[in-house]
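Results of the structural survey
In case you want the letters, here they are:
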Amino acid sequence: MHGGVDGISKKVRTTFDRGVCATDLDTRQSIYGVNRYAEKPSRSFWMFVWDALQDTTLIILMVCALLSVVVGLASEGWPKGMYDGLGIILSILLVVMVTAASDYKQSLQFKELDNEKKNIFIHVTRDGGRQKISIFDLVVGDIVHLSIGDQVPADGLFIHGYSLLIDESSLSGESEPVYTSQDKPFILAGTKVQDGSAKMIVTAVGMRTEWGRLMSTLSEGGEDETPLQVKLNGVATIIGKIGLVFATLTFVVLMTRFLIDKGLTVGLSNWYSTDALTIVNYFATAVTIIVVAVPEGLPLAVTLSLAFAMKKLMNDKALVRHLAACETMGSAGTICTDKTGTLTTNHMVVDKIWIAEVSKSVTSNSSLEELNSAISSSAWSLLLQGIFENTSAEVVKGSDGKQTVLGTPTEIAIFEYGLSLQGYRDAEDRSCTKVKVEPFNSVKKKMAVLVSLPGGGHRWFCKGASEIIVEMCDKVIDQDGDVIPLSDDRRKNITDTINSFASDALRTLCLAFKDVDEFDENADSPPNGFTLIIIFGIKDPVRPGVKEAVQSCITAGIIVRMVTGDNINTAKAIAKECGILTDDGIAIEGPDFRNKSPEEMRDLIPKIQVMARSLPLDKHLLVTNLRGMFQEVVAVTGDGTNDAPALHEADIGLAMGIAGTEVAKENADVIVLDDNFTTIINVARWGRAVYINIQKFVQFQLTVNIVALVINFVSACITGSAPLTAVQLLWVNMIMDTLGALALATEPPNDEMMKRPPTGRGESFITKVMWRNIIGQSIYQLVVLGVLMFAGENLLNIEGPDSKTVLNTLIFNSFVFCQVFNEVNSREMEKINIFRGLIGNWVFLGVISATVVFQVVIIEFLGTFASTVPLSWQFWLVSVGLGSISLIIGAILKCIPVKSGEISGSPNGYKPLANGPDDI
């Protein structure tokens with residue numbers, strides 16, 4: 001009805017060779033829509049406030065506060081009767097606002113990262129030139145170039161292409177991929193290109209695509225909880241239950257003492273409104289103990305720490321797609337990395353060639369002249385034909401009029417070499433017509449093209465991994481361009497050449513051809529009978545900084561293994577240069593590895609440092625065994641479509657942002673935007689920082705919990721009153737939950753973190769070192785507060801009618817300053833120097849300063865609400881002095897040795913890697 005794909009292109013005012021005009025983009029978007037899917041509106045700040053108010057304990061406290069106001073007004077009148085209840089309500093609102101603000105900020109951050117995840121770049125033809133654009137800028141009528149591993153960005157129709165195999169499982173649920181051609185031209189958004197390449201014309205974008213319609217019926221799921229959050233929720237539940245027991249006991253003891261006192265003085269039959277107020281306050285204190293005991297700051301600390309790390313990593317060229325990955329990366333004990341583009345720069349140039357039985361270096365113009373004189377015009381013509389016909393690279397003219405070559409780095413290197421040859425001798429007529437193309441993929445390790453020759457007949461060109469192509473050849477061309485048999489001597493000479501190139505850290509590729517009279521449309525390229533034309537030695541230099549990054553991995557107890565599809569000699573040369581391959585390590589080829597028995601693998605895998613000539617399934621097998629047999633936490637890098645299973649199987653999948661396909665990125669947890677190995681180490685650093693920061697926070701919080709619970713319980717049992725009121729406990733709760741999380745969870749990583757082994761699977765989160773610090777600090781604080789409580793009036797000569805209130809204020813103030821100094825102490829769990837890096841940490845300094853200022857305001861100006869009285873400067877000195885002694889206690893505790901094997905959850909026992917004054 002529309003006249004096929006040609007008819008559609010006329011109706012949407014576009015041409016296949018020129019594409020759409022850039023000036024029409026706004027008009028097209030207003031008519032056909034924008035290529036974005038409708039998103040749920042983001043939650044407002046007040047929704048987060050409402051969520052924070054749903055906390056059960058806070059609701060009970062609010063009820064207590066209202067009861068306190070009602071009873072207080074009845075017994076003490078306005079305004080005095082309001083103070084207790086109003087103080088609790090204001091404290092609750094402060095806690096709610098700080099929690100909501102923190103959650104709201106995280107949600108905005110995650111939204112920003114989510115948009116970054118969805119922003120994919122694709123190649124289109126516009127205004128007659130090929131250009132790279134964001135998927136969001138795509139319009140109806142655009143001519144899109146698709147290749148292996150791409151995600152189809154919009155609905156469209158196939159124009160032309162080769163062997164285009166589309167995986168439609170995300171839409172149809174059918175696992176079998178579908179071949180798309182001019183007979184079946186429909187290509188749908190959200191599907192993935194599994195093989196081949198093609199051009200398509202866009203016919204629908206955004207919510208008007210099939211995928212968009214499907215999306216509109218689904219609501220997006222949130223982030224799953226990370227393993228650490230799950231672990232900490234368990235810790236929080238246990239602590240909460242302990243708090244509940246203490247709170248119940250405290251309330252029972254207070255009530256029992258109150259009833260006994262009442263029975264002995266005025267009798268149980270006489271009740272007054274003040275009695276009701278006392279009981280309400282007892283109940284509020286008990287509920288507040290639960291609030292203090294339940295460490296709701298734990299999940300907040302994890303989220304804060306992870307979000308902070310994600311933001312920083314984004315600036316350092318790593319996009320974390322899943323929250324858990326950042327934390328898991330800190331435990332990684334093995335990194336299986338690709339070679340090309342990750343360890344090397346991916347800027348390739350042809351460095352050496354072997355043609356017509358001579359090997360030449362091609363680094364200068366003089367070497368091109370030598371080659372020109374060394375081989376005949378027919379051999380020259382055959383070489384150029386092979387380079388230009390059997391390639392996926394193409395020359396495009398940019399908007400500035402300059403010509404650039406687009407394609408994979410290997411293709412670009414060979415294509416540019418071909419262009420430099422072409423300038424040396426007028427090229428023969430290359431007007432061949434492509435009949436069939438078999439694109440490169442990592443399983444076959446070769447690409448082939450069938451062309452029809454101008455003089456009649458057909459010719460296959462095949463290019464790929466040197467061993468595979470040489471195996472397919474039984475002839476070779478000589479200097480005159482004649483085809484001669486490939487004798488055993490010549491084959492040995494070729495193998496030696498390949499090995500010598502590889503030993504110089506060059507990637508080797510071969511180009512061969514085969515003339516055929518007839519061919520089968522559906523058959524693959526012939527497996528043998530080819531004639532070898534040339535061996536290319538392609539130089540891909542090691543990235544600067546990689547050797548240092550590998551060394552820091554080894555220091556950190558992380559084993560780096562190189563898994564590559566390259567020749568074993570090339571792989572070994574690069575691995576030695578990077579410091580990956582050591583004297584006691586093994587380099588193995590993929591086929592040898594996959595044929596080993598499980599028992600042989602158990603002995604072999606720990607020693608493997610390089611795996612060459614590997615298939616994606618070999619990488620998958622290695623990862624599975626490392627995780628299954630050795631319980632390793634494994635990180636894997638990948639860029640191709642076929643790497644998806646290994647990325648998915650690994651604990652952390654790292655996809656390459658530049659060289660990686662969309663399929664690889666979708667299966668990865670982290671996208672390395674600059675494809676650099678050093679960035680991967682940065683992710684590990686931040687992962688460790690997250691884990692250790694949460695440990696610091698838990699250590700700090702458990703200390704506050706133990707002290708607050710014990711002091712109130714003991715005081716209730718002995719004196720019949722709790723020294724810390726509901727309002728005071730709520731303030732302490734905020735110091736240790738929200739503000740503590742902010743201060744300790746956002747500490748940046750330091751070099752010390754990368755000088756210890758990674759945390760093993762199933763390690764105890766709370767280590768012996770942490771217990772040592774928690775118990776030591778708790779004992780000190782309990783002794784100090786106990787002495788103040790029972791002997792403070794005599795020791796400090798506190799007299800007068802308000803001596804009890806002054807003492808309780810002093811206890812509260814000393815308690816808070818103990819927490820402030822203990823927070824500083826918690827910055828280092830093992831090192832005595834707790835001030836390292838403190839000046840540069842503005843968040844920490846800000847939180848500590850705000851806590852101190854607020855404490856002064858509460859004591860000096862908000863006594864009516866907080867049940868405190870202003871203190872003299874001598875008592876302020878006492879509070880600060882008692883708090884600061886906890887720094888000395890911390891230093892003494894760190895000198896007490898703890899049995900190795902548990903520090904920072906080290907599976908093998910932590911052995912210091914440096915013995916120097918710092919350790920002493």
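What you are looking at is a predicted structure, and each value in this text was computed from that prediction instead of being measured.

1. Examining the overall build of the chain
The helix and strand tally for the chain stands at 30 helices and 26 strands. By its C-alpha atoms, the chain is 120 × 70 × 50 Å across when sized along the principal axes. The buried share of the chain, reckoned over its 920 residues, is 54%. For the chain, contacts bridging at least 24 residues in sequence account for 72% of all contacts bridging at least 6. For the chain, the accessible surface area stands at approximately 39,300 Å², while carbon and sulfur atoms represent 58% of it. Considering the chain, the positive charge centre built from 78 side chains and the negative charge centre built from 101 side chains are found 2 Å apart.

2. Brief notes about the pairing of strand β25 (residues 652–656)
Among the five residues in β25, five count as buried, and that is most of the element. Side chains of β25 alternate between two faces, with Ile652, Leu654 and Met656 and Gly653 and Ala655 buried alike. Bridge count for strand β24 (residues 634–638) against β25 is four bridges, and the pairing is parallel. Each residue of the ladder has a partner; that of Gly638, found in β25, is Ala655. Bridge analysis of β25 against strand β26 (residues 670–672) gives three bridges, and the strand direction is parallel. If you follow Met656 over to β26, its bridge partner there is Val672. Each parallel crossover has a hand, and the one from β25 via helix α23 (residues 662–667) to β26 is right-handed.

3. Focus on unusual backbone geometry
One non-glycine residue, Asp127, lies in positive phi territory at about 50 degrees. With respect to the helices, strands and loops of the structure, Asp127 is situated in the loop between β1 (121–126) and β2 (129–134). A relative accessible area of 38% places Asp127 in the partly exposed class.

4. Brief notes about the nonpolar core
Core analysis: the largest hydrophobic core is formed by 140 residues, its most contacted members being Met329, Ile335, Ile652, Phe677 and Val698. Ranked by the residues each element gives to this core, the list is headed by helix α24 (residues 677–718), at 20 residues. With residues up to four places along the chain from it excluded, the contact list for Ile652 reads Ala325, Thr328, Met329, Ala332, Val633, Val634, Ala635, Val636, Asp669 and Val670. Ranked by size, the runner-up nonpolar core spans 38 residues in total, among them Leu368, Ile375, Leu383 and Val437.

5. Brief notes about the UniProt feature "transmembrane region" (unreviewed entry) in the chain
Within this numbering scheme, the UniProt entry marks residues 56–75, 81–101, 238–260, 280–309, 702–722, 774–792, 842–867 and 873–893 as carrying the feature "transmembrane region" (unreviewed entry). Segment residues 842–867 splits into 92% helix and 0% strand. End C-alpha atoms: 32 Å apart. With 100% helix and 0% strand, the stretch residues 873–893 has end C-alpha atoms that lie 30 Å from each other.

6. A look at the domain arrangement of the chain
On domain assignment, one finds that the chain holds domain 1 (4–34 + 120–218), domain 2 (228–306 + 689–895), domain 3 (318–344 + 543–675) and domain 4 (349–539). Distance from the C-alpha centre of domain 2 to the C-alpha centre of domain 4: 74 Å.

7. Observations concerning the sheet that holds strand β22 (residues 586–589)
The mixed open sheet is built from eight strands, whose spatial order is β8-β26-β25-β24-β9-β21-β23-β22. Two strands in the sheet have a free side with no partner beyond their single neighbour: β8 (318–320) and β22. Averaged over all pairs of adjacent strands, the angle between strand axes in this sheet comes to 20 degrees, irrespective of strand direction. Relative to strand β23 (residues 608–612), β22 runs parallel, the two being bridged by four bridges. When the sheet's bridge partners are listed, Ile586 is paired in β23 with Ile608. Where α24 meets the sheet, it contacts β8, β9 (334–337), β21 (559–563), β24, β25 and β26, and its direction lies at approximately 155 degrees from that of β9.

8. With respect to the packing of aromatic side chains
One pass over the full model with this rule turns up eleven aromatic pairs. Ring geometry for Tyr417 versus Phe536: centroids 6.2 Å apart, planes at 85 degrees, classification edge-to-face. One end of the pair, Tyr417, is in helix α14 (residues 409–422); the other, Phe536, is in strand β20 (residues 530–539), and 119 residues separate them in sequence. Assessed through its relative accessible area of 6%, Tyr417 is described here as buried. An aromatic cluster is present here, built from Phe45, Trp46, Phe48 and Tyr104 joined pairwise through their rings. Stacked on the ring of Phe136, the Lys or Arg Arg36 has its end atom at 3.8 Å from the ring centre. Over the aromatic face of Phe48 sits the side chain of Arg43, whose NZ or CZ is 4.7 Å from the ring centroid.

9. Structural notes on the environment of Gly267
Within the secondary structure, Gly267 sits in the loop between α8 (227–265) and α9 (273–293). In this structure Gly267 comes out as buried when scored by relative accessible area, which is 17%.

10. Overview of empty space enclosed by the protein
According to the stated counting rule, one finds five cavities of 30 Å³ or more in the structure shown. Taken together, 13 residues line the largest cavity, and the ones lying closest to its centre are Ile692, Met753, Arg756, Glu828 and Glu830.

11. Side note on the pattern of salt bridges
Side chains that carry opposite charge are capable of pairing whenever their charged atoms lie near each other. Here the structure, examined in full by the defined rule, presents 22 salt bridges. As a salt-bridge pair, Arg43 and Asp51 come within 2.5 Å of each other at their nearest N and O atoms. One salt bridge in this structure joins Glu411 and Lys463, with 2.7 Å as the shortest N-O distance. Of this pair, Glu411 sits in helix α14 while Lys463 sits in strand β16 (residues 458–465), placing them 52 residues apart in sequence. Here Glu411 falls in the buried class, since its relative accessible area comes to 6%. Lys463 gets classed as buried once you look at its relative accessible area, which sits at 5%. Through salt bridges with shared partners, one network takes in Lys339, Arg507 and Asp566.

12. Re a nonpolar patch on the surface
A cluster of nonpolar side chains, namely Trp771, Ile775, Ile779, Val783, Val787 and Leu795, defines an oily patch on the protein surface of about 580 Å² accessible area. Tracing the chain through its elements places Ile775 in helix α26 (residues 768–795).

13. So, the side chain of Lys446
Residue placement: Lys446 occurs in strand β15 (residues 446–452). Although buried, Lys446 forms no salt bridge, and the nearest oppositely charged side chain, Glu438, lies 4.3 Å from it. Of note is the side chain of Lys446, whose polar atom sits 3.4 Å from the side chain of Ser525. Contacts of Lys446, omitting those with residues within four sequence positions, involve Glu438, Pro439, Phe440, Asn441, Cys462, Lys463, Gly464, Ile468, Ile469, Met472 and Ser525.

What counts, and where the lines are drawn
Residues numbered from 1 in each chain as written. Predicted model: local features only at pLDDT ≥ 70, side-chain atom pairs only at ≥ 80, totals over all residues. Heavy atoms only, no water. Helix = DSSP H or I, 4+ residues; strand = E, 2+ residues; numbered from the N terminus. Buried < 20%, exposed > 50% of the residue type's maximum accessible area, 1.4 Å probe, protein only. Contact = heavy atoms within 4.5 Å. Areas by Shrake-Rupley, 256 points an atom, 1.4 Å probe, with all protein chains shown as cover. Lys, Arg positive; Asp, Glu negative; His and termini not counted. Charge placed at Lys NZ, Arg CZ, Asp CG, Glu CD. Pairing = 2+ DSSP bridges. Right-handed = clockwise from strand over helix to strand, strands pointing away. Core = buried A, V, L, I, M, F, W, Y, C linked by side-chain atoms within 4.5 Å. UniProt positions renumbered as here; feature names shortened; annotations may be inferred. Domains from an automatic or database assignment. Axes fitted to C-alpha atoms, helices over the stretch in contact; angles between N-to-C directions. Phe/Tyr/Trp six-rings, centres within 6.5 Å; stacked < 30°, edge-to-face > 60°. Lys NZ or Arg CZ within 6 Å of the ring centre and 35° of its normal. 1 Å grid on protein atoms, 1.4 Å probe; cavity = no way out; pocket = protein on both sides within 12 Å on 5 of 7 lines; lining within 4 Å. Points joined across faces, edges and corners; volume = space filled by probe spheres on them. Salt bridge = Lys/Arg side-chain N within 4 Å of Asp/Glu carboxyl O. Patch = residues over 30% accessible without salt bridge, like charges linked within 9 Å, V, L, I, M, F, W, Y side chains within 5 Å. Polar contact = N/O pair within 3.5 Å; in protein donor to acceptor, adjacent residues only side chain to side chain.

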